[in-house]
Structure formats: C-alpha cells, structure tokens
Amino acid sequence: MNSNQGFSFVETILTVSILFIVFGTLLPLTNRMMFQLAEKRIELHVAITKNQAATSLQNGMISGVVILDDVVYSWSWSQPKLCVQYMFFEVSDESCDAY
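Since the structure is predicted, the reported quantities are computational estimates derived from the model, not experimental observations.

Procedures and definitions
- Residues numbered from 1 in each chain as written.
- Predicted model: local features only at pLDDT ≥ 70, side-chain atom pairs only at ≥ 80, totals over all residues.
- Heavy atoms only, no water.
- Patch = residues over 30% accessible without salt bridge, like charges linked within 9 Å, V, L, I, M, F, W, Y side chains within 5 Å.
- Areas by Shrake-Rupley, 256 points an atom, 1.4 Å probe, with all protein chains shown as cover.
- Salt bridge = Lys/Arg side-chain N within 4 Å of Asp/Glu carboxyl O.
- Helix = DSSP H or I, 4+ residues; strand = E, 2+ residues; numbered from the N terminus.
- Buried < 20%, exposed > 50% of the residue type's maximum accessible area, 1.4 Å probe, protein only.
- Core = buried A, V, L, I, M, F, W, Y, C linked by side-chain atoms within 4.5 Å.
- Contact = heavy atoms within 4.5 Å.
- Disulfide = S-S within 2.5 Å.

Q: Lay out a nonpolar patch on the surface in plain terms, naming residues and giving numbers.
A: Taken together, the side chains of L14, I18, L19, V22, F23, L26, L27, L29 and M33 make up a nonpolar region of the molecular surface, amounting to roughly 830 Å² of accessible area. Take L27: it is sitting in helix α1 (residues 9-58). Residue class for L27 comes out exposed when judged on its relative accessible area of 55%.

Structure (structure tokens):
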C-alpha cells in the first residue's frame, strides 16, 4: 500500500526537534570559538606592538601608537615596565611586562 499523502505530524515534529538540537549546540559552540579566535588575534597584536615598541625604544621613543585591524594599541615605557593599552569588545584592557 502506498502512502502518498505527504509528511505526517510525527515526522515534522521529529525533524524540527533534530534541527533545534543541531543548531542549539552548534551556534553556541561557533560563537565561543569565534570569541576565542578574537582573543588570540588580540594577543598576537599585543605581541607585535611590544616588538615594535622595543624597536622604538632603541631609537629613543618612550611611547607610541600602533594601529592593527582598526584597533588602536598605545604603548608606553616606564622603567622597567612596557605597557600596551587597547580596547577589546568596547572594554579597555592593558598588558604589561617587566624588563
């Protein structure tokens, strides 16, 4: 016997439930991964800024600004600390290292 009447209510509910489960787990996971990637990119840019600051320190500068990916990283040297200030998701943050 052929049943050519389309999808049943149970099949539809099962399909919708599976879609909710799949997207309910994948979207938060993807969001968290994107945030962690952005954090790593900021850490890399802070390291690049500190490297450029070390080069500038040899030339006699004690502060400066570096712009990477439209983010402003301002660095300053106060013996013996090199600090880099930046904005990450509209929150001001600072990374300091003693040398």
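The structure having been displayed, the exposition proceeds.
Q: Now, about unusual backbone geometry: what can you tell me, with residues and values included?
A: With omega at 0°, the peptide bond leading from Q79 into P80 counts as cis. Turning to its location among the elements, P80 is positioned in the loop between β2 (71-78) and β3 (81-88).

Q: Pulling in residues and values, what's your account of the nonpolar core?
A: Of all hydrophobic cores here, the largest spans 13 residues; its most connected members are I42, V46, Y73, W75, V84, Y86 and F88. Listing elements by their share of this core, those giving two or more residues are α1, β1 (63-68), β2 and β3. The contacts of F88, once residues within four sequence positions are left out, are F35, A38, E39 and I42.

Q: Can you lay out the state of the cysteines for me, pointing to particular residues and giving the numbers?
A: Per the stated rule, a full pass over the model turns up one disulfide. Paired by a disulfide, C83 and C96 hold their sulfur atoms 2.0 Å apart. Of note, the bridge from C83 to C96 carries an S-S torsion of about 115° and is right-handed in sense. In this pair, C83 is assigned in strand β3 and C96 in strand β4 (residues 91-98), connecting sequence segments 13 residues apart.

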